[in-house]
Amino acid sequence: PLYPSHEHAWTQSDSLAIAYGFLDNHFNFFKPQLYNLLSKDGITGIDFPINEYLVALLMKILHTKNPVVFRIYTLIWMCIGYFFLFKIIEKYTRSLLFSFVGILFIYTIPVISYYQFGFIPSPIALSFLFIGIHFYIQYLEDKVNKKFVTAIVFFTLAALIRTPFALYLFTLLGLHILTGLR
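Throughout what follows, the structure given in this document is the object of discussion. Keep in mind that what you see is a predicted model, and the values were worked out from it rather than measured.

Concerning the packing of aromatic side chains
- Under the counting rule described, the total for this entry stands at 19 aromatic pairs.
- Judged by centre distance (5.7 Å) and plane angle (80 degrees), the rings of Phe27 and Tyr53 are edge-to-face. Of this pair, Phe27 sits in the loop between helix 1 (9-24) and helix 2 (50-62) while Tyr53 sits in helix 2, placing them 26 residues apart in sequence. Judged on exposure class, the residue Phe27 and its partner Tyr53 are both buried.
- Summarising the aromatic geometry, the rings of Phe135 and Phe154 are spaced 6.4 Å apart at their centres and angled 10 degrees between planes, so their arrangement reads as stacked. Placement of the pair is Phe135 in helix 6 (residues 122-142) and Phe154 in helix 7 (residues 145-161), with a sequence separation of 19 residues. For the pair shown, Phe135 and Phe154 are each scored as buried.
- Grouping aromatic residues by their ring pairs yields a cluster made of Phe22, Phe27, Phe29, Phe30, Phe48 and Tyr53.
- Note that Lys65 overlies the ring of Tyr20, its terminal NZ or CZ placed 5.1 Å from the centroid.

See the structure below:
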């Protein structure tokens with residue numbers, strides 16, 4: 001069933017365990033659980049566990065605890081992110097060929113290709129970042145506030161599920177504030 005293994009197996013196992021924990025604790029979003037016997041009831045502090053929660057929901061709907069559900073969930077989000085990145089590249093190059101080559105290049109970067117079918121939330125945060133960039137570029141062209149809000153939502157989701165992505169959110173906000181002051 002493709003359980004976590006190899007690089008970062010501990011982190012991958014924690015993400016899968018949190019999804020299983022939501023199944024076991026009746027989907028209590030505010031009490032993410034691991035199978036850690038040293039903690040009180042396995043409750044742990046983590047980044048915003050929306051992905052693990054949604055994976056648990058999918059597992060409940062599909063009546064399975066197979067880890068492939070988590071892997072496919074991550075891969076689907078990566079494909080959505082690639083679609084938005086494709087649109088960004090196509091917009092600036094006006095070339096389908098360059099867009100496909102750009103996506104192929106990113107798809108085959110070893111660290112990305114390894115994690116895009118796994119359990120760690122970083123690939124999903126990267127996809128949210130691509131989506132946020134796409135909507136921010138649209139906002140810059142159209143000045144439609146709805147696109148700016150959508151961009152901020154995706155940048156914020158990326159930051160919530162993976163804290164290092166807060167750098168992109170704060171950079172975007174700082175850029176936007178400085179542009180407004182200018």
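Examining a nonpolar patch on the surface
- A contiguous nonpolar surface patch, about 420 Å² in accessible area, is contributed by Leu54, Leu57, Leu58, Ile61 and Leu62.
- Judged by its relative accessible area of 32%, Leu58 falls in the partly exposed class.

Overview of unusual backbone geometry
- Positive phi is not limited to glycine here, since His63 has a value of about 55 degrees.
- Inspection of the secondary structure puts His63 in the loop between helix 2 and helix 3 (68-93).
- A positive phi is found at Lys143, a non-glycine position, where the angle reads about 60 degrees.
- Here Lys143 shows up in the loop between helix 6 and helix 7.

Description of the nonpolar core
- Grouped together as the largest cluster of nonpolar side chains are 49 residues, with contacts concentrated most on Phe22, Val55, Met59, Leu126 and Phe128.
- Among the secondary structure elements, those contributing two or more residues to this core are helix 1, helix 2, helix 3, helix 4 (96-107), helix 6, helix 7 and helix 8 (166-181).
- Looking at which element gives the most residues to this core, the answer is helix 6, with ten residues.
- Setting aside residues no more than four positions away along its own chain, Phe22 makes contact with Phe27, Asn28, Phe29, Pro32, Pro49, Glu52, Tyr53 and Ala56.

The rules behind the values
Residues numbered from 1 in each chain as written. Predicted model: local features only at pLDDT ≥ 70, side-chain atom pairs only at ≥ 80, totals over all residues. Heavy atoms only, no water. Phe/Tyr/Trp six-rings, centres within 6.5 Å; stacked < 30°, edge-to-face > 60°. Helix = DSSP H or I, 4+ residues; strand = E, 2+ residues; numbered from the N terminus. Buried < 20%, exposed > 50% of the residue type's maximum accessible area, 1.4 Å probe, protein only. Lys NZ or Arg CZ within 6 Å of the ring centre and 35° of its normal. Patch = residues over 30% accessible without salt bridge, like charges linked within 9 Å, V, L, I, M, F, W, Y side chains within 5 Å. Areas by Shrake-Rupley, 256 points an atom, 1.4 Å probe, with all protein chains shown as cover. Salt bridge = Lys/Arg side-chain N within 4 Å of Asp/Glu carboxyl O. Core = buried A, V, L, I, M, F, W, Y, C linked by side-chain atoms within 4.5 Å. Contact = heavy atoms within 4.5 Å.

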